[in-house]
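# Analysis of the macromolecular model
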Amino acid sequence: MKQTFNQQQQTFVELGNQCLIENIKILLYQTDPTIFDRIDFDDDNIYKQPLLFAYFKNSSLVQNTLETILYHH
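To keep things clear, this report deals only with the structure shown in the data block. (Residues numbered from 1 in each chain as written. Predicted model: local features only at pLDDT ≥ 70, side-chain atom pairs only at ≥ 80, totals over all residues. Heavy atoms only, no water.)

### Remarks on the overall build of the chain
Inclusion rule: We count a stretch as a helix when DSSP gives it H or I for four or more residues in a row; a strand needs E for two or more, and each element gets its number in order from the N terminus. Two things to know: the radius of gyration comes from C-alpha atoms, and the globule rule equals 2.2 Å times the number of residues to the power 0.38. Throughout, exposure labels follow a simple rule: accessible area from a 1.4 Å probe, protein chains only, divided by the maximum for the residue type, with under 20% read as buried, over 50% as exposed, and the rest as partly exposed. Whether two residues are in contact is decided by their heavy atoms: any pair within 4.5 Å suffices. By the counting scheme adopted, Arg and Lys are positive, Glu and Asp are negative, and His together with the chain ends is not counted. By convention, the point assigned to a charge is CZ for Arg, NZ for Lys, CD for Glu and CG for Asp.
Counting secondary structure elements, the chain contains 3 helices and 0 strands. For the chain, the succession of helices and strands along the chain, N to C, is α-α-α. For a compact globule of 73 residues, the expected C-alpha radius of gyration is about 11 Å, and the chain comes in at 15 Å, more than 25% above that figure. In terms of overall dimensions, the chain has C-alpha extents of about 50 × 25 × 20 Å along its principal axes. Taking all 73 residues of the chain together, the buried fraction comes to 21%. Long-range pairs, those at least 24 residues apart, make up 47% of the contacts in the chain with a sequence separation of at least 6. Here the chain contributes 5 positively and 9 negatively charged side chains, and the mean placements of these two sets differ by 11 Å.

### Considering the packing of aromatic side chains
Our working definition: Each aromatic pair joins two rings of Phe, Tyr and Trp (for Trp, the six-membered one) with centres within 6.5 Å, and gets the label stacked for planes under 30 degrees apart, edge-to-face for over 60, and tilted for any other angle.
The full count for this structure, using the stated rule, is 2 aromatic pairs. Pairing phenylalanine 36 with phenylalanine 41 gives two aromatic rings, centres 4.9 Å apart and planes at 80°, and the pair type is edge-to-face. By relative accessible area, which is 37% here, phenylalanine 41 ends up partly exposed.

Okay, here's the thing in structure tokens:
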């Protein structure tokens, strides 16, 4: 069945979001390999937090900042 433009667009947005989430998970693991002992690996809402993007863009932030971002979710 052929998808409409809007359906195709939604599919691409969802794929993009999944790629972004996977990259955030990788960055979190590289930053702190034990992080998934403290947060729910399968809860995608955690990885959509805008402050996580800011954290990984700003290398001058300290580890405590990451903990604060994740635990205020």
